[in-house]
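# A look at the structure
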Amino acid sequence: MNLSTARTLGLLLLAALVCGLFSSVPAIEESNYLTTLASIGPQINLAIVFQAMMAMLYVAIVVVTYPIVKTVSPVHAIAYLAFRLTGAAFLVVGIVSLMLFHTLGQQMAQAGLNPPAYYETLGMLLRQTRDGLNHVGMILPWVIGGLFLYHALLKTRLIPRWLSAWGIAGIAFTLVATLLYMLSMVRGVSSPVYLILNVPLALQEITFAVYLLARGFRKEPFASMAMAGR
């Protein structure tokens, strides 16, 4: 793995994080979101664009990192590919929920001051569907795939062991957060507990990306692993 590959991966990781931030629509999380849907159409369109970009970046990340996992175990590489591409696919499906918010906002604007009561139910279901797609459907397979990647990085020592171990620990916290969300034990994805549990992995990914941009991969450990696998 050369320096250009490492820097490409670092840039992809940072770009995906940025796209993730801009793919959110904070106004949808507010209590009066139904009354503002018609006016935040541009924000929703922006989120759609960034979520589509994030899905493409996720696929690119898988393409770049797949050879690392394959060097350690071809079977793990197949599992890695399956989990991570599933996560990226859920990002694409999540775009549909944003498009439906856009449509609901237009319907709300046409209804005026007396929209049908069922619009509130539709809005609630759309919000829960979007959260479920992004924070269960996407997150769960993506971070499970990440376990295979960081296990491979730990074996190859392409990056410092502490950074690989941090990734595995961060994934464990994120899995706990996802489980709590699935069991309705936290109050939505904006819950402080949910956010705190996801902080370790977010910080690790930023650190990982910066490390790759500054130092790249270690060459000798990877070469020895490749020779051992022949």
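As the structure is a computational prediction, the values presented were derived from the model and not from experiment. (Residues numbered from 1 in each chain as written. Predicted model: local features only at pLDDT ≥ 70, side-chain atom pairs only at ≥ 80, totals over all residues. Heavy atoms only, no water.)

## With respect to the overall build of the protein
Filter applied, for reference: A run of DSSP states H or I qualifies as a helix once it reaches four residues; a run of E qualifies as a strand once it reaches two. Both are numbered from the N-terminal end. Here's how the labels work: a residue is buried when its accessible area is under 20% of the maximum for its type, exposed when over 50%, partly exposed in between, all with a 1.4 Å probe on protein chains only. A contact between two residues is defined here by any heavy atoms of the two lying within 4.5 Å.
When its secondary structure is counted, the protein shows eight helices and zero strands. Traced from its N-terminal end to its C-terminal end, the protein shows the element sequence α-α-α-α-α-α-α-α. Across its three principal axes, the protein shows a C-alpha extent of roughly 70 × 35 × 30 Å. Residues counted as buried form 42% of the 230 residues belonging to the protein. Considering only contacts within the protein whose residues lie at least 6 apart along the sequence, 78% involve residues at least 24 apart.

## Remarks on the confidence of the model for the protein
This is how it is decided: pLDDT expresses how confident the predictor is about each individual residue, on a scale running from 0 to 100.
Confidence in the prediction of the protein, expressed as mean pLDDT, is 89, and 94% of residues score 70 or more. When the criterion is pLDDT under 50, residues 223–230 qualifies, and its contacts beyond four places in sequence or with other chains add up to five contacts.

## What about a positive patch on the surface?
Let me state the cut-off plainly: Residues enter patches when they are more than 30% accessible in relative terms and free of salt bridges; like-charged ones are connected within 9 Å and nonpolar ones (Val, Leu, Ile, Met, Phe, Trp, Tyr) within 5 Å. Values of accessible area rely on a 1.4 Å probe in the Shrake-Rupley scheme; residue burial ignores everything except the protein chains shown. When a carboxyl oxygen of Asp or Glu lies within 4 Å of a side-chain nitrogen of Lys or Arg, that pair is called a salt bridge. Note that His is not counted, nor are the chain ends; the positive residues are Lys and Arg, and the negative ones are Asp and Glu. By convention, charge coordinates are those of NZ in Lys, CZ in Arg, CG in Asp, or CD in Glu.
A grouping of Lys-155, Arg-157, Arg-161, Arg-215 and Arg-218 is seen on the molecular surface, where their side chains present a positively charged patch. Its location among the elements puts Arg-218 in the loop between helix H7 (192–214) and helix H8 (219–228).

## With respect to the environment of Met-124
By secondary structure assignment, the location of Met-124 is in helix H5 (residues 118–156). Judged by relative accessible area, Met-124 falls into the partly exposed class, the value being 40%. With 90 residues separating them in the primary sequence, Met-124 and Leu-34 have C-alpha atoms 9.4 Å apart.

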